[in-house]
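# A structural walkthrough
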Amino acid sequence: LRRVLRWLAHRAATTEQLAGEDSELSELYALVGLANLRAVLKIWTENSENDSEEFWQEVLTQHTFVLSQLFAYPVVVIKDKAYVGGKRVDNLHGNLVDFLGKITSSGAAVLIEIKHPRTPLLGPIYRQVFPPSRDLGGALSQVLSYRESLMHEIHALTQGESSPVSGSDPRCVIILGCAARELTDDTRKRSFERFRDRVVGVTVVTFDEVFSRIKGLVELFASSENDVSS
């Protein structure tokens, strides 16, 4: 399909004809979109136990549209492994956030930090409740540090040029763990929701929650496709 689209793009007459056929063009967009969604959902199904952060970094870098599903407003990813300040006089200790994005309407920065699906969400039980895991607490501290660094150094990072993002009030997102695997009873579910609902300025979402949104889109596209066929 990619080769066919590339071929079409270099044929002016065909391109003009497609542009004049709104219904056919919209069906083509839907077909490409559904293929992409199914491909990334297949990656999740086959690799949900993969505990390599680099693997998931690469997957989400190749399919950044997955990250846009985390928000109720349009967000674009600007850079993966983005430097957000923090170096000292020894030129070390720089902060690299996994993904730097922005809200298209306001330019507000979005910092996205990822771990992997097997990252623990909760720690050992403590007086009938489950506290957040060390990994979750560490990720929270990490992304808040990146947020602070970006806010303080936004002008230095852009060297006086117009910044692609606003350094004021950046949004933060952490993707880690798997709710279906770990939140197996009401006590664990309540403990996790109690924690993430009260974290101000940071959205905590699990990998299976992210890909469940992709699954919902696949079902929606497939339903539309069936309606067109019928």
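For the structure given in this document, a descriptive report is provided here. All chains use their own residue numbering, which begins from 1 and follows the written sequence. Local features in this predicted model are restricted to residues whose pLDDT is 70 or higher, and side-chain atom pairs enter the listing and the counts only when it is 80 or higher, whereas totals over whole chains, interfaces and linings include all residues. As a rule here, side-chain values come from all non-hydrogen atoms in the structure, and water together with hydrogens is ignored.

## Some points on helix α8 (residues 186-197)
Going by this rule: The helix and strand labels rest on DSSP assignments: H or I over at least four residues marks a helix, E over at least two residues marks a strand, and numbering proceeds from the N terminus. Multiply 1.5 Å by the residue count of a helix minus one, and that product is the helix's expected span. Each residue gets one of three labels from its accessible area relative to the maximum for its type: buried under 20%, exposed over 50%, partly exposed in between, using a 1.4 Å probe on protein chains only. It is the directions from the helix axis to the C-beta atoms that the arc portrays. We define a polar contact as two N or O atoms separated by no more than 3.5 Å, with the added condition that, inside protein, one atom must be a possible hydrogen donor and the other a possible acceptor, whereas residues neighbouring each other in sequence contribute only through side-chain atom pairs.
The first and last C-alpha atoms of α8 sit 16 Å apart over 12 residues, in line with the 16 Å expected at 1.5 Å per residue. Those residues of α8 not exposed but buried are Ser191, Phe192 and Arg196. Looking down the long axis of α8, one finds its buried residues gathered within 115° of arc, a one-sided arrangement. At the N-terminal end of α8, a side-chain oxygen is found 3.1 Å from the backbone nitrogen of Thr187, two or three residues along, and the residue is Asp185.

## Digging into the pattern of salt bridges
Any two side chains of opposite charge can pair, given that their charged atoms come close. Applicable threshold: Salt bridges are identified by distance alone: a Lys or Arg side-chain nitrogen within 4 Å of an Asp or Glu carboxyl oxygen.
Applying the stated criterion across every chain, the model contains 10 salt bridges. Among the ionic pairs, Lys42 bridges to Glu46, the shortest N-O distance being 2.6 Å. One end of the pair, Lys42, and the other, Glu46, are both in helix α3 (residues 22-47), four residues apart, so they sit about a helical turn from each other. Close ionic contact of Asp185 with Arg188 constitutes a salt bridge, the shortest N to O distance being 2.3 Å. Sharing partners across several salt bridges, the network here consists of Glu49, Arg118 and Arg181.

## A short note on the nonpolar core
We count it as follows: Here the nonpolar core consists of buried residues drawn from Ala, Val, Leu, Ile, Met, Phe, Trp, Tyr and Cys, with membership extended through side-chain atoms lying within 4.5 Å. Residues are treated as being in contact if the distance between any of their heavy atoms lies within 4.5 Å.
Judged by nonpolar contacts, the single largest core of 27 residues is most densely connected at Leu70, Ile112, Val173, Ile175 and Phe211. Elements with a minimum of two residues in this core: α3, α4 (53-62), α5 (65-68), β2 (96-103), β3 (108-114), β4 (166-175) and α9 (207-229). Those residues in contact with Ile175 that lie beyond four places of it in its chain are Leu67, Leu70, Ile112, Glu113, Ile114, Lys115, Val205, Thr206, Phe207 and Val210. Core analysis: the next-biggest nonpolar cluster, separate from the first, contains 26 residues, Ala82, Val84, Leu111 and Phe192 among them.

## Focus on the environment of Leu34
Tracing the sequence through the fold places Leu34 in helix α3. Counting along the chain gives 183 residues from Leu34 to Leu217, while the straight-line C-alpha distance between them is 8.3 Å.

## Considerations on the packing of aromatic side chains
Just so we agree on the cut-off: Only the six-membered ring of Trp is used, alongside the rings of Phe and Tyr, when aromatic pairs are assigned; centres must lie within 6.5 Å, and planes under 30 degrees apart are stacked while those over 60 apart are edge-to-face, with the rest tilted.
Scanning the model with the defined rule gives six aromatic pairs in all. Residues Trp56 and Phe207 carry aromatic rings whose centres are separated by 5.3 Å and whose planes lie at 55° to one another, so their mutual orientation is tilted. Residue Trp56 is located in helix α4, and its partner Phe207 is located in helix α9; the two are separated by 151 residues in the primary sequence. Classification of Trp56 as buried rests on a relative accessible area of 0%. Judged by its relative accessible area of 1%, Phe207 falls in the buried class. With a centroid separation of 6.0 Å and 55° between ring planes, the pair formed by Trp56 and Phe211 is classed as tilted. Remark: Phe211 occurs in helix α9 and Trp56 occurs in helix α4; sequence separation between them is 155 residues. Taken as a pair, Trp56 and Phe211 share a single burial class, namely buried. Within the aromatic cluster, the residues linked to one another by ring pairs are Trp44, Phe55, Trp56, Phe207 and Phe211.

The analysis is restricted to geometry; functional conclusions fall outside its scope.
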